[in-house]
Amino acid sequence: MENTMRETDRNGQEAVVQVRGLCFARGERMIFDGVDLDIERGKVSAIMGPSGTGKTTLLKLIGGQLRPEAGTIVVDGENVHELATRELYSLRQRMGMMFQSGALLTDLDVYANVAFPIREHTDLPESLVRHLVLMKLQAVGLRGAAGLMPSELSGGMARRVAMARAIALDPMIVLYDEPFTGQDPISMGILVKLIRELNDALGLTSIVVSHDVQETAAIADYAYLLSDGKVVDQGTPETLWKSASDWSQQFLNGEPDGPVAFHYPAGRFRDDLMQGGRAR
Amino acid sequence: MILDPLQQLGRKGLAFFGRLGRAHLFLMQTLTGVPGLLLRPGLVIRQLYSVGVLTLLIILVSGLFVGMVLGLQGYNTLVDFGAEESLGVVVALSLVRELGPVVSALLFAGRAGSALTAEIGLMKATEQLSGMEMMAVDPMRRIVAPRFVAGFLSMPLLAAIFSIVGVYGGYFVGVGLLGIDDGAFWSQMQAKVDLSDDVYNGVIKSFVFGFVAVWIAVFEGYDTVPTSEGVSRATTRTVVHTALAVLGLDFVLTALMFGD
Ligand SMILES: Nc1ncnc2c1ncn2[C@@H]1O[C@H](COP(=O)(O)OP(=O)(O)O)[C@@H](O)[C@H]1O
Ligand SMILES: [Mg+2]
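Calculation notes
Residues numbered from 1 in each chain as written. Chains lettered and ligands numbered in written order. Predicted model: local features only at pLDDT ≥ 70, side-chain atom pairs only at ≥ 80, totals over all residues. Heavy atoms only, no water. Near = heavy atom within 4 Å. Polar contact = N/O pair within 3.5 Å; in protein donor to acceptor, adjacent residues only side chain to side chain. Areas by Shrake-Rupley, 256 points an atom, 1.4 Å probe, with all protein chains shown as cover. Helix = DSSP H or I, 4+ residues; strand = E, 2+ residues; numbered from the N terminus. Nonpolar A, V, L, I, M, F, W, Y, C, P; charged D, E, K, R; others polar. 1 Å grid on protein atoms, 1.4 Å probe; cavity = no way out; pocket = protein on both sides within 12 Å on 5 of 7 lines; lining within 4 Å. Points joined across faces, edges and corners; volume = space filled by probe spheres on them. Core = buried A, V, L, I, M, F, W, Y, C linked by side-chain atoms within 4.5 Å. Buried < 20%, exposed > 50% of the residue type's maximum accessible area, 1.4 Å probe, protein only. Contact = heavy atoms within 4.5 Å. Pairing = 2+ DSSP bridges. Phe/Tyr/Trp six-rings, centres within 6.5 Å; stacked < 30°, edge-to-face > 60°. Salt bridge = Lys/Arg side-chain N within 4 Å of Asp/Glu carboxyl O. Axes fitted to C-alpha atoms, helices over the stretch in contact; angles between N-to-C directions. Expected span 1.5 Å × (residues − 1). Bend = angle between axes of the 7 residues up to and from the residue.

Our next topic: the site of ligand 1. All names here are of chain A. Taken together, Arg 26, Arg 29, Ile 31, Ser 51, Gly 52, Thr 53, Gly 54, Lys 55, Thr 56 and Thr 57 make up the full set of residues adjacent to ligand 1. Take Lys 55: an N or O atom from its main chain is 2.7 Å from an oxygen atom of ligand 1. About the coverage of ligand 1: the protein hides 57% of its 560 Å² of free accessible area. Listing elements by their share of the shell around ligand 1, those giving two or more residues are β2 (29–40) and α2 (55–62). Top element by residues in the shell around ligand 1 is α2. It accounts for three residues. Class assignment of the residues belonging to the shell around ligand 1 gives a composition of one nonpolar, six polar and three charged.

Next up on the list: empty space enclosed by the protein. Considering all chains together, one arrives at two cavities of 30 Å³ or more under this definition. Volume-wise, the largest cavity comes out at about 130 Å³. Lining the largest cavity are 14 residues, with A:Met95, A:Gly96, A:Arg165, A:Ala166 and B:Met135 sitting closest to its centre. Those elements giving two or more residues to the lining of the largest cavity turn out to be β6 (95–98) and α6 (155–166) of chain A together with α4 (128–134) of chain B. Classifying every residue of the lining of the largest cavity gives nine nonpolar, three polar and two charged.

Moving on: the nonpolar core. All names here are of chain B. Counting residues in hydrophobic clusters, the biggest one holds 51 residues, and the most contacted among them are Phe 26, Leu 87, Phe 108, Met 132, Trp 215 and Val 218. Elements with a contribution of two residues or more to this core: α1 (3–33), α2 (41–80), α3 (87–125), α4, α5 (139–177), α6 (182–192), α7 (195–222) and α8 (228–258). Residue contributions to this core peak at 13 residues, all from α3. With residues up to four places along the chain from it excluded, the contact list for Trp 215 reads Ala 23, His 24, Phe 26, Leu 27 and Phe 148.

The next thing to look at is unusual backbone geometry. All names here are of chain A. Positive phi, normally seen in glycine, also occurs at Asp 76, with a value near 50 degrees. Within the secondary structure, Asp 76 is located in the loop between β4 (70–75) and β5 (78–79). Take Asp 76: its relative accessible area is 26%, and that puts it in the partly exposed class. Non-glycine residue Asp 228 carries a positive phi angle of around 50 degrees. Structurally, Asp 228 is set in the loop between β9 (222–227) and β10 (230–235). The exposed category is assigned to Asp 228, whose relative accessible area is 70%.

Attention now moves to the environment of B:Gln188. Residue and element names in this part refer to chain B. Summarising the element assignment, Gln 188 is placed in helix α6. Using a relative accessible area of 24% as the deciding quantity, one classes Gln 188 as partly exposed. When the C-alpha positions of Gln 188 and Val 231 are compared, they lie 49 Å apart, and in sequence the two are 43 residues distant. The contacts of Gln 188, once residues within four sequence positions are left out, are Glu 85, Ser 86 and Val 89.

Here we take up the pairing of β6(A). Residues and elements named next belong to chain A. Alternating positions in β6 separate into two faces, Met 95 and Met 97 on one and Gly 96 and Met 98 on the other, with burial throughout. For β6 and strand β7 (residues 173–177), the ladder comprises four bridges, and the chain directions are parallel. Considered in β7, the bridge of Met 98 is made with Tyr 176.

Residues and elements named next belong to chain B. Under the counting rule described, the total for this entry stands at 13 aromatic pairs over all chains. Between Tyr 168 and Tyr 171 the ring centres are 6.5 Å apart and the planes differ by 75 degrees, which places this aromatic pair in the edge-to-face class. Residue Tyr 168 and its partner Tyr 171 are both found in helix α5; the two are separated by three residues, about one turn of the helix. The exposure class assigned to Tyr 168 is partly exposed, which follows from its relative accessible area of 48%. Overall, the relative accessible area of 22% leaves Tyr 171 in the partly exposed class. An aromatic cluster of three or more residues is present, and its members are Phe 148, Phe 152, Phe 207, Phe 211 and Trp 215.

The next thing to look at is the pattern of salt bridges. Applying the stated criterion across every chain, the model contains 26 salt bridges over all chains. The residue A:Arg196 makes a salt bridge to A:Asp200 at a minimum N-O spacing of 3.1 Å. On the criterion of helical spacing, the pair formed by A:Arg196 and A:Asp200 is a turn pair, its members being four residues apart in helix α7 (residues 185–202). A residue is classified by how much of its surface remains accessible, and A:Asp200, at 46% relative accessible area, is partly exposed. A cluster of three or more residues bridged by salt bridges with shared partners is formed by B:Arg19, B:Arg22, B:Glu220, B:Asp223 and B:Arg237.

Attention now goes to the sheet that holds strand β8 (residues 205–210) of chain A. Strand pairing in a sheet relies on backbone hydrogen bonds, with the paired strands running either antiparallel or parallel. All names here are of chain A. Read across the sheet, six strands follow the order β6-β7-β8-β3-β9-β10 without closing on themselves; strand pairing throughout is mixed. Both outer strands of the open sheet, β6 and β10, are each paired with one neighbouring strand and no more. Shown here is a sheet whose adjacent strand axes are inclined to one another by a mean of 15 degrees, direction ignored. Judged from the four bridges that link them, strand β3 (residues 44–48) and β9 form a sheet pairing that is parallel. Within β9, the position partnered with Met 48 by the bridge is Leu 225.

Of the pockets and cavities examined, the largest pocket occupies roughly 820 Å³. Taken together, 29 residues line the largest pocket, and the ones lying closest to its centre are A:Gln65, A:Arg92, B:Glu133, B:Pro139 and B:Tyr222. Listed by contribution, the elements that provide at least two residues to the lining of the largest pocket are α3 (85–92) of chain A together with α1, α3, α4 and α5 of chain B. Among the elements that take part in the lining of the largest pocket, α3(A) stands out by supplying four residues, more than any other. Here the residues of the lining of the largest pocket sort into 12 nonpolar, eight polar and nine charged.

Right, let's get into α2(B). Residues and elements named next belong to chain B. Spanning 40 residues, α2 covers 54 Å between terminal C-alpha atoms, matching the ideal 58 Å at 1.5 Å per step. Approximately 35 degrees is the largest bend angle found in α2, and it occurs at Leu 56. Remark: Gly 82 follows α2 within two positions and exhibits a positive phi of approximately 65 degrees.

Residue and element names in this part refer to chain A. In this fold, Thr 53 is placed in the loop between β3 and α2. Looking at Thr 53, the relative accessible area reads 10%, which means it is buried. Only 2.5 Å separates the side chain of Thr 53 from the backbone oxygen of Pro 50, close enough to count as a polar contact. Apart from residues no more than four positions distant in its own chain, Thr 53 is found in contact with Ile 31, Phe 32, Leu 226, Ser 227 and Asp 228.

These figures capture arrangement, not role.
What follows is the structure in structure tokens.
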């Protein structure tokens, strides 16, 4: 809590997304165990952590698709998990999300995919929809691909289309799930640049969830490191690299051994060898 | 050790009833999405095309063959009693009361039902449904409800087409090939097939089967384990469960309708 106050004072800005004491479990396993986050308006915030820490889960919690065991998530002044369905849907119109897979509708072409949220939520005449769609596609450099089907796109293009769709309704916040994973260096560069530029040009607030440390750090104004259900470190990218925590150092520098051991927990190597047969 | 099979049984039972409960909640949610479709008939019409029209060909071909087989078999039996003029009645009654609704429901499950399950299941596995939710579009209303309505409406039509084509198949064999009197074939059929007893009951059956078949198909799709293996298993389950449900219900309905 104190942390929030300081943040807010430092920048004279309020947090658009406030996560407090978030707990979430999948079966027996606690995915989040008391997470606090503040996402400032107008900034690109990064949430980094190894695979399987629950980064996607966190985005789904923010979008109200999952319900936390405990804790609150406030987005733009509204407590996401206390909203009625209708209010939640109206809040979601102010959020854009880019899924890791792109999640494009496979039976619609690129143009119709970007037009989809506009057509669903507005009664704009088709000529205006066309202007909006072409504008968004132009912003991500894919106006020429309007007629292609999702199956004809490369991975990087699919993500850019998903990006165009995420900003189709001019949202306040855009959530990016692993935007850089599995991209070649050029697409990676394009996506990095686009996230930053769209954020600044359209006055968005961006949340980038990723385990690609370098790329994410390059565009983030502020970053959180998640591990084992907790925020283990936070700060601007520059301060993070000076962090004293061993875990953060290992994660940020990609070292194979450290607090996260190279070896999966096992008995003594000697015992396994002596058994002769199969290891248990 | 003796507890293990028991525990397994209990777990399976719980899973089964849990699923059954989910299926009913799902149905309720689907039905609440139906009135909204009046404002967007285009969604249903597109699905009517893919669900109904694409099943049409297999229904036409199967109906024709089933009718022809009925014609042959019926003739062979009836001719022993010198009653081959009644072939029209036999063919028409078998089709209208039983084979039309049942066989077209089975074909529907194999052609349209499995396709619906695979489509919705793949949309789930590729996060398209999740993506829609995040775009503030309810997939129950946008994806499931139109498919449900389209399946429900097309099933009775398909069953009717099946029966009609079947009757002509029987006519072709009986009158065309085996030389039964043309007039007798039709006039006996007209006299003995009752509109309310036979035709209406057949139509009721086809509505019930359509409802169940499309319910199973969309539920299996929506409840899919979102992996490629999950989708393929759900598709198989749709066909198997629909077949069992249709045949079981057919017995119950027949007993209720023609039992006394
Ligand atoms: N639908 C689900 N059911 C059960 N466990 C899940 C489900 N989705 C994710 N998990 C588990 O939750 C954990 C966090 O998943 P996720 O948020 O996808 O991680 P990340 O995006 O950080 O890689 C993982 O261990 C995963 O196995
Ligand atoms: Mg993920």
